[in-house]
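One letter stands for each residue in the lines below.
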Amino acid sequence: MTQLESALKNKTSREIAAVAEIERVSRNFLKKNIASGRIVIPKNNKRTIKKICGIGYGLRTKINANIGTSSDEADISDELEKLRVSVEYGADTVMDLSIGQDISGIRRAVLKESRVPVGTVPIYQAAQEATRRKGNFLKMTADCLLGVIQEQAEDGVDFMTIHAGVTRKTVSLVKKGKRILDIVSRGGAILTSWMAHHKKENPLYECFDKILEIAYNYDITLSLGDGLRPGSILDATDAAQLSELRLLGKLARRAHEKKVQVIIEGPGHVPLEQIRKNVELEKRLCNDAPFYVLGPLVTDVASTRDHISAAIGGALAASYGADYLCVVSPAEHLRHPSVEDIKEGVIAARIAGHSGDIAKRINGATDWDKQMSIARKKRDWNEQISLSIDPQKAKEYRAASKPHLLDVCTMCSEYCSIKLIEECAKV
Ligand code: SF4
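Position numbers for residues start from 1 in each chain and track the written sequence from start to end. In keeping with the model being predicted, local features are shown solely for residues with a pLDDT of at least 70 and side-chain atom pairs are shown and tallied solely at 80 or more, while totals for entire chains, interfaces and linings include all residues.

Caption draft 1: Spatial organisation of the overall build of the protein chain. Helix and strand definitions here come from DSSP, where helices need a minimum of 4 consecutive H or I residues and strands a minimum of 2 consecutive E residues; each element is numbered from the N-terminal end. Each helix and strand in the protein chain was counted, giving 19 helices and 10 strands. For 427 residues, the compact-globule estimate of 2.2 N^0.38 gives 22 Å, and the protein chain sits close to it at 22 Å. The dimensions of the protein chain, computed from C-alpha atoms along their principal axes, are 80 × 50 × 40 Å. Any residue whose C-beta has 12 or fewer other C-beta atoms within 10 Å is treated as exposed, any with 20 or more as buried, and any in between as partly exposed, C-beta atoms being built from the backbone. Within the span of the protein chain, comprising 427 residues, buried residues form 48% of the whole. For the protein chain, the share of sequence-separated contacts (at least 6 apart) that also reach a separation of at least 24 residues comes to 72%. The reference for a compact globule is 2.2 Å times residues^0.38; the radius of gyration itself is calculated from the C-alpha atoms. C-beta atoms are first placed from the backbone for all residues, and any pair lying within 7 Å is then listed as a contact.

Below you can see the structure in the form of structure tokens.
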């Protein structure tokens, strides 16, 4: 029985009970919202997950970190270190986006090591296998794609990106719209090339019912991919993007009818003033399914600081109701990220998600801030360090400075406003 089926039958599964406790919401609230499709619990029924999570309405905004090899960088130990660092710094889920070397072996290692739900994008493996076996990813077949989805399901993958909204019709709108950056999603570009070459419809769209069958059997949450997301703020919220979103809404309804949990992926590069509209449209067109935003990056010029651009957009999106943020690393657009890049990206995304939760008034969201404010008032450096989003760096900063008065910091020294007012109050 899938989590969605349990909720529809008003049954409290072990996972529903666990998430209700973690989120400090009632079991009935959770069941009601899972039943309506507003919340998902991504967990393959073959997996045991130590750090389970729910994603969606009324819950803390979740963070996903992308790890995985590329054709140029394929060191599995690096990717496992990224997994460890991502979870240590607060990622709620990870996605293995490997496209280099032994994709199945890497995925199995990630699944074995991961304490959090693991997602994948099966089209990457299907394309890589076609290249390896037949010399060209265009030789990929629908059967091979379904075989990969089945294999990954059997391995225990908890959620999968399925770019079923990239169709001949939606792609034609990209061409008509004269975008600057056409298609920037890797899955979207692979499928568009395949469709153009074979003059056929997207196999993920055509075989959607078969994908739903597999997803149902393993209770895999489908993350309906935004293969046509804008890659430039000047391409945002155009006809192609919205046409794909409308189609994703219809596919989400089909999934829901088959008792398969669904989240919707969203943009991309979006100017600040369009973020609210993007969140509201997703909620309206997709029946309030959880919204997973890939940023959004609010400017195109932040290379080496794209994690900041994404955190600005992510915080705003979360405050308007986005439920799940994708980590964007400082290396975005430039190179395969290092372990340090991933750490910086996770921290930036967590700040964004937490800021959104404060605005959304999520249960207990300000508790952490209150504790930090009290520690600051007491000028309790150890407490401030342990409450910091990056305790290691906070400790290094404090240790590297040499205040001549130990109960203040080197920023204001004897003019420490907190201390001055504390002493003032004693007079
Ligand atoms: S010295 Fe200035 S920055 Fe440092 S704790 Fe006091 S008020 Fe804050």
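Caption draft 2: Molecular detail of the site of the ligand. In this text, near has one meaning. A residue is near a molecule or strand if its C-beta atom, placed using the backbone, is within 6 Å of it. By nearness alone, every residue bordering the ligand is listed as Arg 379, Val 408, Cys 409, Met 411, Cys 412, Cys 416, Ser 417 and Ile 418. A breakdown of the residues in the shell around the ligand according to their chemical character gives six nonpolar, one polar and one charged. As a working rule, the residues Ala, Val, Leu, Ile, Met, Phe, Trp, Tyr, Cys and Pro are called nonpolar, Asp, Glu, Lys and Arg charged, and the rest polar, with Gly in that last group.

Caption draft 3: Region of the structure containing the pairing of strand β6 (residues 159–162). Side chains Phe 159 and Thr 161 project from β6 onto one buried face, and the interleaved Met 160 and Ile 162 project onto a second face that is buried too. Examined bridge by bridge, strand β5 (residues 118–120) and β6 share two bridges and lie parallel to one another. Residue pairing across strands places Thr 120 opposite Met 160, the latter belonging to β6. Two strands pair if DSSP finds at least two bridges between them. Two elements, β6 and strand β7 (residues 221–224), share four bridges in a ladder whose sense is parallel. From the neighbouring strand, Phe 159 faces β7, where its bridge partner is Thr 221.

Caption draft 4: Focus on the packing of helix α4 (residues 76–88) against helix α5 (residues 103–113). Helix axes are fitted only over the stretch in contact, all axes being lines through C-alpha atoms; the angle between N-to-C directions runs from 0 to 180 degrees. Two elements in contact, α4 and α5, have axes whose closest approach is 10 Å; the angle formed by their N-to-C orientations is 30°. Comparing the axis directions of α4 and α5 gives the class roughly parallel. Judged by the sense of rotation from one axis to the other, the crossing of α4 with α5 is right-handed. Across from Ile 76, Glu 79, Leu 80 and Leu 83 in α4, the residues of α5 making contact are Ile 106, Ala 109, Val 110 and Glu 113. Angle categories: roughly parallel below 35 degrees, roughly antiparallel above 145, roughly perpendicular from 65 to 115, and oblique for all the rest. Crossing handedness follows the turn of the near helix against the far one: under a right angle anticlockwise gives a left-handed crossing, and clockwise gives a right-handed one.

Caption draft 5: Representation of the packing of helix α14 (residues 306–320) against helix α15 (residues 339–360). At their nearest, the axes of α14 and α15 sit 7 Å apart, and the two run at 25° to each other. The angle between the axes of α14 and α15 places the two elements in the roughly parallel class. As for how α14 packs across α15, the hand of that crossing is right-handed. Contacts from His 307, Ile 308, Ala 310, Ala 311, Gly 314, Ala 315, Ala 318 and Ser 319 in α14 reach Glu 344, Gly 345, Ala 348, Ala 349, Ile 351, Ala 352, Gly 353, Ser 355, Gly 356, Asp 357, Ala 359 and Lys 360 in α15. Residues that form the contact of α14 with α15 fall into these classes: 10 nonpolar, seven polar and three charged.

Caption draft 6: Representation of helix α9 (residues 186–198) within the structure. To estimate the expected span of a helix, count its residues, drop one, and scale the result by 1.5 Å. Over its 13 residues, α9 extends 18 Å from the first C-alpha to the last, a length consistent with the 18 Å expected when each residue adds 1.5 Å. All of the buried residues in α9 are Gly 187, Gly 188, Ile 190, Leu 191, Thr 192 and Trp 194. Looking at the buried positions of α9, the neighbouring elements they touch are α6 (122–134), β6, α8 (168–177) and α10 (203–206). Phi turns positive one or two residues past the end of α9, at Lys 199, with a value near 55°.

Caption draft 7: Representation of the sheet that holds strand β8 (residues 262–266). The strand order β3-β4-β5-β6-β7-β8-β9-β10 describes a closed barrel built from eight strands, whose pairing is parallel. Between one strand and the next, the sheet's axes are offset by a mean angle of 25°, whatever the strand orientation.

Caption draft 8: Representation of the domain arrangement of the protein chain. An automatic or database domain assignment is the source of the domain bounds shown. Segmentation of the protein chain into domains returns domain 1 (59–360) and domain 2 (367–426). Measuring from the centre of the C-alpha atoms in domain 1 to the corresponding centre in domain 2 gives 40 Å.

Caption draft 9: Structural view of unusual backbone geometry. Of note, the amide linkage connecting Pro 267 to Gly 268 takes the cis form, showing an omega dihedral of 15°. Tracing the backbone shows Gly 268 in the loop between β8 and α13 (272–285). Gly 295 connects to Pro 296 through a cis peptide bond whose omega is -15°. Considering the arrangement of structural elements, one finds Pro 296 in the loop between β9 (291–293) and α14. Phi at Thr 237 is positive, roughly 55°, even though this residue is not glycine. Relative to the assigned elements, Thr 237 resides in the loop between β7 and α12 (239–257). What makes Thr 237 partly exposed here is the crowd of 18 C-beta atoms within 10 Å. Not every positive phi belongs to a glycine, and Arg 379 is a case in point at roughly 50°. Here Arg 379 shows up in the loop between α16 (367–378) and α17 (381–387). Since 16 C-beta atoms lie within 10 Å of it, Arg 379 is described here as partly exposed.

Caption draft 10: Local environment of the environment of Gly 345. Among the structural elements, Gly 345 can be located in helix α15. What makes Gly 345 buried here is the crowd of 28 C-beta atoms within 10 Å. With 263 residues separating them along the chain, Gly 345 and Lys 82 place their C-alpha atoms 11 Å apart. Discounting chain neighbours no more than four positions away, the residues touching Gly 345 are His 307, Val 327, Val 328, Ser 329 and Pro 330.

Caption draft 11: Main features of the environment of Ile 264. Structurally, Ile 264 can be placed in strand β8. When the 28 C-beta atoms within 10 Å are taken as the criterion, Ile 264 is described as buried. Along the backbone, Ile 264 and Arg 376 are 112 residues apart, and their C-alpha atoms lie at a distance of 40 Å. What Ile 264 contacts, discounting residues up to four positions off in sequence, is Leu 224, Leu 248, Ala 252, Glu 282, Cys 286, Ala 289, Phe 291 and Tyr 292.

Caption draft 12: Structural context of α6. If you check α6, its first and last C-alpha atoms are 18 Å apart, about what 13 residues at 1.5 Å a residue would give, namely 18 Å. Of the residues making up α6, those classed as buried are Pro 122, Ile 123, Tyr 124, Gln 125, Ala 126, Ala 127, Gln 128 and Ala 130. In this structure, the buried residues of α6 make contact with α5, β5, α7 (142–155), β6 and α9. One or two residues past the end of α6 sits Gly 135, with phi positive at roughly 90°.

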